[in-house]
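# Structural overview for review
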Amino acid sequence: MVHATWMILPPAFTFKLEAHRIVSISLGKIYSARGQRGGLKLHKNLLVSLVLRSARQVYLSEPGCPPEPPPAPAGHPEEEPPPRTAAWAAEEPPPPPQDEAGRDCQGPRPRRCCCGENRGGCAGAPPPPHCPRKRSAGERGQAGSPVKKPRREEEEPPPLPPPPSPPCEQEDMETGNVASLISIFGSSFSGLLSKEPKGRRRPPLDGGEAAAGTAPAEAAAEPGQICCDEPVLRTLNPWSTAIVAF
Amino acid sequence: MGEDTDARKINHSFLRDHNYVTEADIISTVEFNHTGELLATGDKGGRVVIFQREPESKNEPYNQGEYNVYSTFQSHEPEFDYLKSLEIEEKINKIKWLPQQNAAHSLLSTNDKTIKLWKITERDKRPEGYNLKDEEGKLKDLSTVTSLQVPVLKPMDLMVEVTPRRIFANGHTYHVNSISVNSDCETYMSADDLRINLWHLAITDRSFNIVDIKPANMEDLTEVITASEFHPHHCNLFVYSSSKGSLRLCDMRASALCDKHSKLYEEPEDPSNRSFFSEIISSVSDVKFSHSGRYMLTRDYLTVKVWDLNMETKPVETYQVHDYLRSKLCSLYENDCIFDKFECAWNGSDSVIMTGAYNNFFRMFDRNTKRDVTLEASRESSKPRAILKPRRVCVGGKRRKDDISVDSLDFTKKILHTAWHPTENIIAIAATNNLYIFQDKVNSEMH
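Rules used in this analysis
Residues numbered from 1 in each chain as written. Chains lettered and ligands numbered in written order. Predicted model: local features only at pLDDT ≥ 70, side-chain atom pairs only at ≥ 80, totals over all residues. Heavy atoms only, no water. Helix = DSSP H or I, 4+ residues; strand = E, 2+ residues; numbered from the N terminus. Rg over C-alpha atoms; globule rule 2.2 N^0.38 Å. Buried < 20%, exposed > 50% of the residue type's maximum accessible area, 1.4 Å probe, protein only. Contact = heavy atoms within 4.5 Å. Areas by Shrake-Rupley, 256 points an atom, 1.4 Å probe, with all protein chains shown as cover. Phe/Tyr/Trp six-rings, centres within 6.5 Å; stacked < 30°, edge-to-face > 60°. Lys NZ or Arg CZ within 6 Å of the ring centre and 35° of its normal. Pairing = 2+ DSSP bridges. Core = buried A, V, L, I, M, F, W, Y, C linked by side-chain atoms within 4.5 Å. Salt bridge = Lys/Arg side-chain N within 4 Å of Asp/Glu carboxyl O. pLDDT = per-residue confidence, 0-100. Patch = residues over 30% accessible without salt bridge, like charges linked within 9 Å, V, L, I, M, F, W, Y side chains within 5 Å. Axes fitted to C-alpha atoms, helices over the stretch in contact; angles between N-to-C directions.

## A closer look at the overall build of chain B
- Helix and strand counts for chain B come out as two helices and 32 strands.
- Computed over its C-alpha atoms, the radius of gyration of chain B comes to 24 Å, within 12% of the 22 Å expected for a compact globule of 447 residues.
- Seen through its principal axes, chain B has C-alpha atoms that stretch 90 × 55 × 40 Å.
- When burial is assessed residue by residue, chain B has 54% of its 447 residues classed as buried.

Structure (structure tokens):
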């Protein structure tokens, strides 16, 4: 519900908070949709992703918000379980060569370097708003091939409202473990939006058992490279890879 | 409209005095057959219950036209797709009756993946006097058989038998949202989020894909198919609606794959109403051709619209179902109500349209007089033969007695599925796990 206290803040800020809230709610829906009976509902998740995109665009387009400090590789993670942090650290090295699918995704590195700077300071051409992702023939041929939500590509993180939590925390959000989402939701929403998502994050597989075995590989990949893990992908629900990290 | 009504409530769950609702009992679809004699409901537990209208009799004038249970059967069971590690729900998404061609009735029922053709037959006689078997079916001792007899048919208590005649499986990767029988009575179509297939009723091992909107790259997906229906008279025409609020009329004569529409019906969005949720509320949840075939009725989250097949630029009529929710969209998004898919219905003469809303309210709009009414389907307000009282939702300003304020609406009580008798003023309203059937006794004939 809209809180009365928002009324006393400057209009631009309240609008941004509303967008922030909607983003949080949307991510929660995407997360919880994974466990529901009958599989992910394509229609609903598409609508949620559209709302997510609109809210995010609003959030990012608002001027005058403080830039995010550069994310530190090692985490911190009061809210994250240690394995994730370690996995995050492993992500830092250059994009893994799992990119065998001929994906023409731009590597996350160029965008990552822009973190913490505003748009103007980003070196290199801004990436396309949509990173076209080709799937390998194997993926494509699969019935019920994973539905991927449009990714939001950006060079820099959304400006954030004063974050009570340490800045690096959001990087952990990009890892494949969705349990982190829960802990973030549980703690504070500000941690959610202060990080710039670089691509999709891969949620754990059903039951999480498969994730345990392949977690390092998945987590080690940048979200942009998630779908390289084909054998695992084939067993996923259509929407199970469709969480867009912010 | 609804002045003098006869209410009959049929409770599936047998938990009359409790608020607890077994999820399996939640009604998920309601459909009259072509004569209105039979009414089928499907529920989340995969069951189908068919009601039959009692013939009117002079002996019991008050019972005339009542619907009683005729048959109940389990149509779909939960399944597990091992390849994708997901459970396939047994919930019946849609039921469509086939036009009756002999003594038997047939209907199609579908869950998310599999469509089944069921044949419903009556047996009211049975043969008696077998030579080799006794009354219980046990073989007779041949030494006791001294003469031959011809078995005769003797009357028995009516037994309704339902058998699955066809199972149309493996046609859909995504969730089936609608089925529609062609006016040729030989084919039907089934639509999922991205594809529409054409089936022959007698052939189960293959179907033709006639619409495919799946993009080569799923990341480019921007809209899905939400509902589809064949034209009532032209066997080559069908319409499908999308999550973007558009309708596409397709002609199967034009090409085998109807990805290119013949007509595209779209209304430009009103920029003053733009919000984060504009896309969600413009998604069409149901589309129905009028009986005449001249118009289409669509339902999106806040409105019902009547479209003339000859005009693609905008609907000819728009009715606000519950515009007072427009300012509450964020909350409705949060509690998922914004994703509720309401259906809509025409009356037999296409003069009145009906759709459901929240708080167990349903709305009717008279296209000629432009009057509308809000009625409630609830136990408290629906004693048998009670007259339904029009309800009102007050949105601030002057509040009358018995008005409900927007904030006290119960959003868990939603009427998603409604059906109108093909020729008479009888409506079936599904309110969660309860089925309400209302009749307009004064104006029984269509006008």
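## Re the overall build of chain A
- Secondary structure summary: chain A contains ten helices and two strands in total.
- Mapped in sequence order, the helices and strands of chain A form the string α-α-α-α-α-α-α-α-β-α-α-β.
- Counting the 246 residues in chain A, one finds 57% classified as buried.
- Residue pairs in contact within chain A that sit at least 24 positions apart in sequence constitute 80% of those at least 6 positions apart.
- Here chain A displays about 9100 Å² of accessible surface, and carbon together with sulfur accounts for 68% of that area.

## Observations concerning the environment of K314 of chain B
- Mapping K314 of chain B onto the fold places it in the loop between strand 22 (303-308) and strand 23 (317-320).
- Every residue in contact with K314 of chain B, bar those within four places of it in the chain, is listed here: E266, E267 and W307 of chain B.

## Here we look at the packing of aromatic side chains
- The full count for this structure, using the stated rule, is 18 aromatic pairs over all chains.
- Seen in terms of ring centroids, F80 of chain B and Y82 of chain B are 5.1 Å apart; in terms of plane orientation they differ by 65°. Their pairing is edge-to-face.
- Ring centres 6.0 Å apart and planes at 80° place the aromatic pair F230 of chain B and F238 of chain B in the edge-to-face group.
- Given the relative accessible area of 3%, F230 of chain B is considered buried.
- Among the aromatic side chains, those forming a connected cluster through ring pairs are F276, F277, Y333 and F339 of chain B.
- Taking NZ or CZ as reference, K16 of chain A lies 4.2 Å from the ring centre of Y59 of chain A, over its face.
- For the cation-ring pair, K29 of chain A lies above Y333 of chain B, with the distance from its terminal atom to the ring centre recorded as 5.1 Å.

## Quick notes on the pairing of strand 21 (residues 295-299) of chain B
All names here are of chain B.
- Most of strand 21 sits inside the fold, with five of its five residues counted as buried.
- Residues Y295, L297 and R299 point to one face of strand 21 and M296 and T298 to the other, with burial holding for every one of them.
- As defined by bridge partners, strand 20 (residues 286-289) adjoins strand 21 across four bridges and the pair is classed as antiparallel. Looking at strand 21, one finds that D286 is bridged to R299.

## Some thoughts on the nonpolar core
- One finds F277, Y301, L325, Y333 and I338 of chain B to be the most contacted residues of the largest nonpolar core, which totals 56 residues.
- Broken down by element, this core gets its largest block of residues, ten residues, from helix 2 (residues 42-61) of chain A.
- Membership of the second largest hydrophobic core comes to 16 residues, among which are A345, V352, W420 and F438 of chain B.

## So, the pattern of salt bridges
- One pass over the structure, following the stated rule, counts 37 salt bridges over all chains.
- Between D81 of chain B and K84 of chain B there is a salt bridge, with its nearest N and O atoms 3.9 Å apart.
- Owing to a relative accessible area of 18%, D81 of chain B belongs among the buried residues under this scheme.
- K84 of chain B sits in the buried class, given a relative accessible area of 7%.
- When the shortest N-O distance is used, the salt bridge between R326 of chain B and D323 of chain B registers 3.0 Å.
- Overall, the relative accessible area of 33% leaves D323 of chain B in the partly exposed class.
- Through salt bridges with shared partners, one network takes in K29 and K44 of chain A together with D336 of chain B.

## Some remarks on unusual backbone geometry
Residues and elements named next belong to chain B.
- In this structure, N359 takes a positive phi of about 60° despite not being glycine.
- Take N359: it is sitting in the loop between strand 25 (352-356) and strand 26 (361-366).
- The phi dihedral of N360 falls on the positive side, at around 60°, and the residue is not glycine.

## Points about the confidence of the model for chain A
Residues and elements named next belong to chain A.
- Chain-level pLDDT for chain A is 49 on average; 21% of the residues reach the 70-or-more range.
- Ranking the helices and strands of chain A by mean pLDDT puts helix 2 first, with 89, and helix 6 (residues 169-173) last, with 34.
- Here residues 64-246 scores under 50 on pLDDT; set against residues more than four positions off or in separate chains, the count is 392 contacts.

## Points about a nonpolar patch on the surface
- Together, L132, L139 and L142 of chain B line one region of the surface with nonpolar side chains, adding up to about 360 Å² of accessible area.
- By the secondary structure assignment, L132 of chain B is in the loop between strand 10 (115-128) and strand 11 (152-168).

## Brief notes about the sheet that holds strand 19 (residues 263-265) of chain B
All names here are of chain B.
- The strand order across the open sheet formed by four strands is 16-17-18-19, and the pairing between neighbours is antiparallel. Sheet topology places strand 16 (225-230) and strand 19 at the edges, where each strand pairs with a single neighbour. Recorded for the sheet is a direction-independent mean angle of 20° between the axes of neighbouring strands.
- Looking at chain direction, strand 16 and strand 17 (residues 237-242) are connected through five bridges and run antiparallel. Residue pairing for strand 17: F230 is matched across the bridge by F238.

## Structural notes on the sheet that holds strand 5 (residues 67-74) of chain B
All names here are of chain B.
- Read across the sheet, four strands follow the order 2-3-4-5 without closing on themselves; strand pairing throughout is antiparallel. Both edges of this open sheet fall to strand 2 (27-32) and strand 5, since each of them pairs with a single strand only. Put simply, the sheet's adjacent strands are angled 20° from each other on average, direction ignored.
- As defined by bridge partners, strand 4 (residues 47-53) adjoins strand 5 across seven bridges and the pair is classed as antiparallel. Directly across from R53, in strand 5, lies its bridge partner Y67.

## Observations concerning the environment of K133 of chain B
- In this fold, K133 of chain B is placed in the loop between strand 10 and strand 11.
- In this structure, K133 of chain B is in contact with K138, L139 and K140 of chain B, ignoring residues within four places of it in sequence.

## Some points on the environment of L47 of chain A
- Turning to its location among the elements, L47 of chain A is positioned in helix 2.
- Accessibility expressed as a relative area gives 4% for L47 of chain A, which makes it buried.
- Sequence-wise, L47 of chain A and R21 of chain A are 26 residues apart; in three dimensions their C-alpha atoms are separated by 16 Å.
- With residues near it in sequence (within four places) discarded, L47 of chain A still touches E279, I280 and F339 of chain B.

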